[in-house]
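Structure at a glance
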Amino acid sequence: MPNRLGIGSMSLGRPEVHDLPGKLHQAALHGYEGIELFFDDLDNVAKSLFKGDHIAAARHVRQLCDSLRLSIICLQPFWHYEGLLDRAEHSRLLTEKLPKWFELAHLLDTDLIQIPSNFLPADPETGASRTTDDRSLIVADLQEISDLGLQQSPPFRFVYEALAWGNHVNKWEESWEICKQVNRPNFGICLDTFNIAGRIYADPTCPTGKTPNAEADLQASLARLRSSIDLSKVFYVQIVDGERLSAPLDESHPFYVENQHPRMNWSRNARLFAFEEDRGGYLPVLDVAQAFFDLGFEGWVSLELFNRSLADPDPATPRNHARRGLESWKKLVSALKLDTGAPCVSGSDESFSSSSLSVQHRL
């Protein structure tokens, strides 16, 4: 199976600023084959075109993706789920939210729902944690949702990702151990260069931008990754970089948000595509990505970028980010000699058919 290029729908422009049809159009023009669909984008389509009807919006998005020959890699993020101390909220997510997501994912023709590791902040009134580090409960919650997915027809898969700012799960090693303990055929993990390097190697609160033993700790972690992960449980990978900040991300920094983890503030504002050192990229993305492909990974490679630049109201913002991502992909394919099953696309507007171009004008 060749490696296939995907991108997050929010990685081409903020939903409240840039409409999803326009972003999908640019993704197709630039040769992307798949989209990680963020619920915020689907919600924006529902509100702007269908009076809040998410079912109608999902049908519309699927029809548009079909016309543009785009696959939907997954629907995401099903967040703040595992390890909740409020068990009534846990039940609500499973009985009210999840059935709706199953229906939407089915209409979108994807069998994959992404669950990020829980980063629910502490109770704003009491300061008490709302999540537990009890591994047995975290595993049980993920087993429960996996079993519900298996009961659907067709069944659904879940992909779990350790976020660098997760409350109790913030390293790939932890997500992998949990995956093994969940032990369900429809439960796997996502490996992300930013979240791996952003936790082990980088520290945006430090003047150096790095942890004290950054290089050694990362190489040891990647050695464990190469020797321990079952490739069949890696459902897709994400490859992006991060910007070296000019000053530590403390309370005086413009990215600072009270009661929000510094790595999350950094992630939301300062991710970059791989090989964008001219924009401040400094993470060892190639080393981390090499470990993924040393495992023998083949499949979806998504460029999940978040950056302050995505809020730029310039209509060219989606096109510019699609082009930057494509250039990054070309360099990655060349550097790691990846099998893509086809020559690299040119990324020019002429590379897509006129029949597909006409879709945009009918929306």
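Just so we're clear, the structure is a prediction, and the values are computed from it rather than from any experiment.

1. Thoughts on the overall build of the protein chain
Secondary structure assignment for the protein chain yields 12 helices and 10 strands. For a compact globule of 363 residues, the expected C-alpha radius of gyration is about 21 Å, and the protein chain comes in at 20 Å, within 12% of that figure. For the protein chain, with 363 residues in total, the buried portion stands at 56%. Taking as baseline every contact in the protein chain between residues at least 6 positions apart, the subset at least 24 positions apart corresponds to 80%. Surface exposure of the protein chain reaches about 15,100 Å², of which carbon and sulfur atoms provide 49%. Looking at the protein chain, you have 36 positive and 50 negative side-chain charges, and the mean spots of the two groups are 3 Å apart.

2. Considering empty space enclosed by the protein
Under the criterion given, the structure shown has three cavities of 30 Å³ or more. Approximately 70 Å³ is the volume attributed to the largest cavity. As for the largest cavity, its lining consists of Glu161, Ala162, Asn170, Lys171, Trp172, Ser175, Cys190, Leu191, Asp192, Asn195 and Ile196. If you list the elements that add at least two residues to the lining of the largest cavity, you get helix H6 (172-182), strand S6 (187-192) and helix H7 (193-200). Ranked by residue count, the leading element in the lining of the largest cavity is S6, at three residues.

3. Describing the environment of Glu276
For Glu276, the position within the fold is in the loop between strand S9 (271-272) and helix H10 (285-294). Taking the relative accessible area as the measure of exposure, Glu276 reaches 7% and is therefore buried. Placed 36 residues apart in sequence, Glu276 and Val240 show a C-alpha to C-alpha distance of 9.4 Å. Ignoring sequence-local partners within four residues, the contact set of Glu276 consists of Gly281 and Arg324.

4. Remarks on the pairing of strand S7 (residues 234-238)
Most of S7 is tucked away, with five of its five residues classed as buried. In terms of strand pairing, S6 meets S7 through four bridges, oriented parallel. When the sheet's bridge partners are listed, Leu191 is paired in S7 with Val237. For S7 and strand S10 (residues 300-303), the ladder comprises two bridges, and the chain directions are parallel. In the sheet register, Val237 faces S10, and the bridge partner there is Val301.

5. Observations regarding the state of the cysteines
The term disulfide refers to a covalent linkage connecting the sulfur atoms of a pair of cysteines. Summed over all chains, the structure comprises zero disulfides. With no disulfide of its own, Cys65 lies 12 Å from the sulfur of Cys74, the closest cysteine sulfur. Overall, the relative accessible area of 1% leaves Cys65 in the buried class.

6. A short note on the pairing of strand S5 (residues 157-161)
Within S5, four of the five residues are buried, which leaves the element mostly enclosed by the surrounding structure. Here five bridges tie strand S4 (residues 112-116) to S5, and the two strands are oriented parallel to one another. Across the sheet, the residue bridging to Pro116 is Glu161, located in S5. Read from S4 through helix H5 (residues 135-150) to S5, the crossover connection turns out right-handed. Of the strand pairs in this sheet, S5 and S6 are connected by three bridges, and their pairing is parallel. Across the sheet, Val159 pairs through a bridge with Gly188, a residue of S6. Taking the sense of rotation as the criterion, the β-α-β connection linking S5, H6 and S6 turns out right-handed.

7. As for the UniProt feature "domain: Xylose isomerase-like TIM barrel" (unreviewed entry) in the protein chain
Feature annotation in UniProt assigns "domain: Xylose isomerase-like TIM barrel" (unreviewed entry) to the following positions: residues 25-331. For residues 25-331, the end-to-end C-alpha separation is 23 Å, with 45% helix and 13% strand making up the annotated structure.

8. Observations regarding the nonpolar core
The biggest cluster of nonpolar side chains holds 104 residues, and the ones touching the most others in it are Val61 and Leu191. For this core, the element with the highest residue contribution is helix H4 (residues 87-108), accounting for nine residues. Among all residues touching Leu191, those that are not within four sequence positions of it are Trp172, Ile196, Leu225, Ile229, Val234, Tyr236, Val237, Gln238 and Phe292. Core analysis: the next-biggest nonpolar cluster, separate from the first, contains eight residues, Ile73, Leu112, Val159 and Phe235 among them.

Cut-offs applied
Residues numbered from 1 in each chain as written. Predicted model: local features only at pLDDT ≥ 70, side-chain atom pairs only at ≥ 80, totals over all residues. Heavy atoms only, no water. Helix = DSSP H or I, 4+ residues; strand = E, 2+ residues; numbered from the N terminus. Rg over C-alpha atoms; globule rule 2.2 N^0.38 Å. Buried < 20%, exposed > 50% of the residue type's maximum accessible area, 1.4 Å probe, protein only. Contact = heavy atoms within 4.5 Å. Areas by Shrake-Rupley, 256 points an atom, 1.4 Å probe, with all protein chains shown as cover. Lys, Arg positive; Asp, Glu negative; His and termini not counted. Charge placed at Lys NZ, Arg CZ, Asp CG, Glu CD. 1 Å grid on protein atoms, 1.4 Å probe; cavity = no way out; pocket = protein on both sides within 12 Å on 5 of 7 lines; lining within 4 Å. Points joined across faces, edges and corners; volume = space filled by probe spheres on them. Pairing = 2+ DSSP bridges. Disulfide = S-S within 2.5 Å. Right-handed = clockwise from strand over helix to strand, strands pointing away. UniProt positions renumbered as here; feature names shortened; annotations may be inferred. Core = buried A, V, L, I, M, F, W, Y, C linked by side-chain atoms within 4.5 Å.

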